[in-house]
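# Residue-level structure breakdown
Chain by chain, the residues run as shown.
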Amino acid sequence: MATCLHFPTITILLGMSRTMFQIHKGALLGLRHKTRYTSFCLLNNFTEMMTGPGRMTFSLGWVVLWLFGREQTKAFNLSDCSIKNTIWTYSSMKEEEFVLFCDLKNCNANENHSVQWYLQPLNGEPLSDLSKNYPHIIQKDTTLHFLTIGMNDSGLYICRPTMRRPQDKACCISTVLEVKNKTSETCMNTVSHKQDLVIGKFGSIYCPCVSNRRDAKISNMTWYQNGRHIFTQTVNPFSDEYIFDEHEGMYTCDHTQSDNATSWIVRAVVQVRTIVKDTQHKPNILDPIGETLDVELGKPLTLNCTVQFDFQKDFKPILKWYIKDSDQEVEETTSETRSVLSTKEFDRIKRTVFLKEVTQSDLHKKFICFAQNSIGNVTRSIQLKAKKGVVFIYILLSTTMGLAGVFMTCAFLYIYWIEIMLLYRTYQNKDETVGDEKEFDAFISYAKWNSLESEASSSLSEEHLAVNLFPEVLENKYGYTLCLLERDVAPGGAYAEDIVNIIKKSRRGIFILSPKYINGPGIFELQAAANLALNDQTIKLILIKFCPLKEPVVVPHLVKKALKVLPAVTWRGSKSVPPNSRFWTQMRYHMPVKRSKNSRGTQRYSWSSLLEKTQQHRHH
């Protein structure tokens, strides 16, 4: 078998193993030599099949893996551990805790390095890993936390950094822990392992179980908070200034005791809680608020009583539900109690009563929430009240919706009344022009402009409206017959007689009002039409406000009255020019109902115009 290894290779590997690892003596050394020899035989037989750089790379990788696996499985030597001084503590009650620290300073290890803990019991049992089968011991970082400490926990505790790389230095630290029974000789005081400090006041933390033996000498006392050293002093207790929230935590006090023969370290753990001063107020019931509650018969119901108890150190809050029926008051024992919110200043607790079904008899009962602390008690009673029928809600809802519908309908009719009337008139069969012996549907009266006045050339002048736009829209589009004095009356007759005859032959009189019209000769045409309309009910007059007017001072009384009572349509300049504008819709509304050859087209236009205007209104 010796021929399977190259001698220079064995020399190099043995040198590496002596440098990187500790080799035990005796049989263990011989066993490891045999194991190393067998591994290299396998390595040599496998690498003989490889050539070149691949063979060298594979060989080196195999060597590294072999050495790393060997080191991971290698047991540490207890003789290498730094033996700490013996630590004493006392067998505890259930609420007392204990801690051990793993001081890695001597190992030159990183403070954040994870550690492994082992236990060597004093009864000779084998070394065991503390991560298994010890539920009352919790490892956190470099601290070993005992939830409770007892006599069976005595032993040799060993910690070492977790080996992550082959070059990590093997190092371990051992601590002897002796757990003693409490006696009057070993524990002089009855200081609790759980102490409270009031925020905002001066506070002191006492170290439990300081020895009472006369021959025992006590050295300086070292204090730790949450595993961090804070300071060392010679007296007990440890006093601090004003107490704040950050003073809460786990404190550890160590002091060295000695007699003529030996010395030991006594350690105790104190859990410190920061609290506020006791309240001077009674509990505060947050819910229920009102004295009555509307419920539905036959439905399940949950009643909550939420109470805020301000902090009291030595008192447990009381929260109950009572049900009072007639003269009997019975405590509700089936309800649940749970914490809603807990702070240093107060606790909010809720107690619930659940009714599977609300009955008529429940309406005659009183449900009383009772809360008490050491200052006093408070109550809040609530009476169940059947809800009014849903019919009332439906009636109220339908009435509201009906009123809203009426309001919207009225608003729609107010905005589109003219369009609706035009549609109605368009689809009815009545024709006002049949048998009235009238020649014209409307006579148009306006102020004439002479050639010297610049406004005569304006495309939006009143003459342009009368001569061009009216015939274009009313005559050509809607089939009305208009009478224009210059166009339809032969010249040479008497002016007054011609005006009267034309108005008599017309069903409507359209008067375009402007300052020039009111103050000019055209006012005579309006006066004559007003006189004829008083005697002939078939003649109706329409006023067009072409531009703003001041109330005339010197006009006939009949004309002044006509200006106030006659229907008027406002001309809005370029906005009124399009045939589908509101101006022309109002004009058609005041014109006589007439069926013409364009009636079908008029019907279609009226209906589409109404829909278009409705959509535009909704959009705006």
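Scope of this entry: the structure provided in the associated data block. As the structure is a prediction and not an experimental result, all values here were calculated from the model. (Residues numbered from 1 in each chain as written. Predicted model: local features only at pLDDT ≥ 70, side-chain atom pairs only at ≥ 80, totals over all residues. Heavy atoms only, no water.)

Tracing the backbone shows Glu462 in helix α5 (residues 462-475). Buried within the structure, Glu462 lacks any salt-bridge partner; Lys516 is the closest side chain of opposite charge, at an N-O distance of 7.7 Å. Within the structure, Glu462 has its side chain in polar contact with the side chain of Ser514 (distance 2.9 Å). Discounting chain neighbours no more than four positions away, the residues touching Glu462 are Ala447, Trp449, Ile512, Ser514 and Phe546. (Helix = DSSP H or I, 4+ residues; strand = E, 2+ residues; numbered from the N terminus. Buried < 20%, exposed > 50% of the residue type's maximum accessible area, 1.4 Å probe, protein only. Lys, Arg positive; Asp, Glu negative; His and termini not counted. Salt bridge = Lys/Arg side-chain N within 4 Å of Asp/Glu carboxyl O. Polar contact = N/O pair within 3.5 Å; in protein donor to acceptor, adjacent residues only side chain to side chain. Contact = heavy atoms within 4.5 Å.)

It is worth spelling out the sheet that holds strand β3 (residues 98-101) at this point. Pairing is antiparallel in the open sheet, where three strands are placed in the order β3-β7-β6. The sheet terminates laterally at β3 and β6 (137-140), the two strands that pair on one side only. Between one strand axis and the next, the sheet turns through 20 degrees on average, direction left out of account. As judged from the four bridges shared by β3 and strand β7 (residues 143-146), these two strands associate in the antiparallel manner. Paired with Phe101 across the two strands is Thr143, which belongs to β7. (Pairing = 2+ DSSP bridges. Axes fitted to C-alpha atoms, helices over the stretch in contact; angles between N-to-C directions.)

Further remarks concern the side chain of Asp441. Looking at the secondary structure, you find Asp441 in strand β26 (residues 440-445). Among the polar contacts listed, one links the side chain of Asp441 to the backbone nitrogen of Thr481, at a separation of 2.7 Å. With sequence-adjacent residues up to four places away left out, Asp441 is seen in contact with Thr433, Gly479, Tyr480, Thr481, Arg507, Arg508, Met591, Pro592 and Lys594.

The subject of this paragraph is the environment of Met151. Topologically, Met151 is positioned in the loop between β7 and β8 (155-161). Of the residues examined, Met151 reaches a relative accessible area of 39% and is grouped as partly exposed. Sequence separation between Met151 and Glu178 is 27 residues; the distance between their C-alpha atoms is 8.0 Å.

Looking now at the packing of helix α7 (residues 495-504) against helix α9 (residues 523-535). Across the interface, α7 lies against α9 with an axial gap of 10 Å and an inter-helix angle of 45 degrees. When the axes of α7 and α9 are compared, the pair comes out oblique. α7 and α9 meet at a crossing whose hand is right-handed. Residue-level inspection shows Tyr495, Ala496, Ile499, Val500, Ile503 and Lys504 of α7 in contact with α9, the latter providing Phe524, Glu525, Ala528, Ala529 and Leu532. Its residues assigned to classes, the contact of α7 with α9 shows nine nonpolar, no polar and two charged. (Parallel < 35°, antiparallel > 145°, perpendicular 65-115°, else oblique. Left-handed = near helix turned anticlockwise from the far one by under 90°. Nonpolar A, V, L, I, M, F, W, Y, C, P; charged D, E, K, R; others polar.)

Note that soluble globular proteins tend to have their nonpolar side chains buried in a common cluster. Membership of the largest hydrophobic core comes to 25 residues, with the highest contact counts inside it found for Ile503, Phe511, Leu513, Tyr517, Leu526 and Leu541. Sort the elements by how many residues they give to this core and α9 lands first, with seven residues. Not counting the four nearest positions on each side in its chain, Phe511 is found in contact with Ser445, Tyr517, Glu525, Leu526, Ala529, Leu541, Ile542, Leu543 and Ile544. Ile444, Phe470, Leu484 and Ile512 belong to the second-largest nonpolar core, a separate cluster that totals 24 residues. (Core = buried A, V, L, I, M, F, W, Y, C linked by side-chain atoms within 4.5 Å.)

With that settled, consider the state of the cysteines. Here is the idea: a disulfide is a covalent bond, and it sits between the sulfur atoms of two cysteines. Taken as a whole and assessed by the stated rule, the structure comprises three disulfides. Paired through a disulfide, Cys207 and Cys253 show a sulfur-sulfur distance of 2.0 Å. Sign of the S-S torsion, about 75 degrees for the bond between Cys207 and Cys253, identifies this disulfide as right-handed. Placement of Cys207 in the loop between β11 (202-205) and β12 (217-225) and of Cys253 in strand β15 (residues 249-258) is noted, with a sequence separation of 46 residues between them. With respect to class, Cys207 is no different from Cys253; both count as buried. Linked covalently through their sulfurs, Cys305 and Cys369 form a disulfide whose S-S length is 1.5 Å. Placement of the pair is Cys305 in strand β19 (residues 301-310) and Cys369 in strand β24 (residues 366-372), with a sequence separation of 64 residues. What makes Cys369 buried here is its relative accessible area of 0%. (Disulfide = S-S within 2.5 Å.)

At Leu469, α5 is bent by approximately 40 degrees, the largest bend along its length, and proline Pro471 sits one to four residues beyond. Listed as buried for α5 are Glu462, Leu465, Ala466, Leu469, Phe470, Pro471, Val473, Leu474 and Glu475. Of the surrounding elements, those touching the buried residues of α5 are β26, β27 (482-484), α6 (485-488), β28 (506-513), β29 (540-545) and α11 (582-590). (Bend = angle between axes of the 7 residues up to and from the residue.)

With that settled, the discussion passes to unusual backbone geometry. Across the junction of Asp287 and Pro288, the peptide omega takes the value 10 degrees, indicating a cis bond. Relative to the elements of secondary structure, Pro288 occurs in the loop between β17 (284-287) and β18 (292-295). In this model, Asn226 sits at a positive phi of 55 degrees, which is unusual for a non-glycine residue. Of note, Asn226 is situated in the loop between β12 and β13 (228-233).

This part takes up the sheet that holds β29. Strand order in the open sheet formed by five strands is β27-β26-β28-β29-β30, and the pairing between neighbours is parallel. If you trace the sheet from one side to the other, it starts and ends with β27 and β30 (568-570), each paired once. If you compare each strand with its neighbour and ignore which way they point, the axes differ by 25 degrees on average. Relative to β27, β26 runs parallel, the two being bridged by three bridges. Note on β27: the bridge partner recorded for Ala442 is Leu482. Here α5 sits on the sheet and contacts β26, β27, β28 and β29; the angle it forms with β27, its principal contact strand, is near 155 degrees.

Inspection of the entire model under this criterion finds 10 aromatic pairs. The interplanar angle of 80 degrees and the centroid separation of 5.7 Å between the aromatic rings of Phe146 and Tyr157 together place this pair among those described as edge-to-face. Of this pair, Phe146 sits in strand β7 while Tyr157 sits in strand β8; the two residues are 11 residues apart in sequence, bridging distant segments of the chain. We classify Tyr157 as buried; its relative accessible area is 0%. An aromatic cluster of at least three residues, connected via ring pairs, comprises Phe470, Phe546, Trp571, Phe583 and Trp584. The ring of Tyr478 has Lys477 sitting right over it, with the charged end atom 5.8 Å from the ring centre. (Phe/Tyr/Trp six-rings, centres within 6.5 Å; stacked < 30°, edge-to-face > 60°. Lys NZ or Arg CZ within 6 Å of the ring centre and 35° of its normal.)

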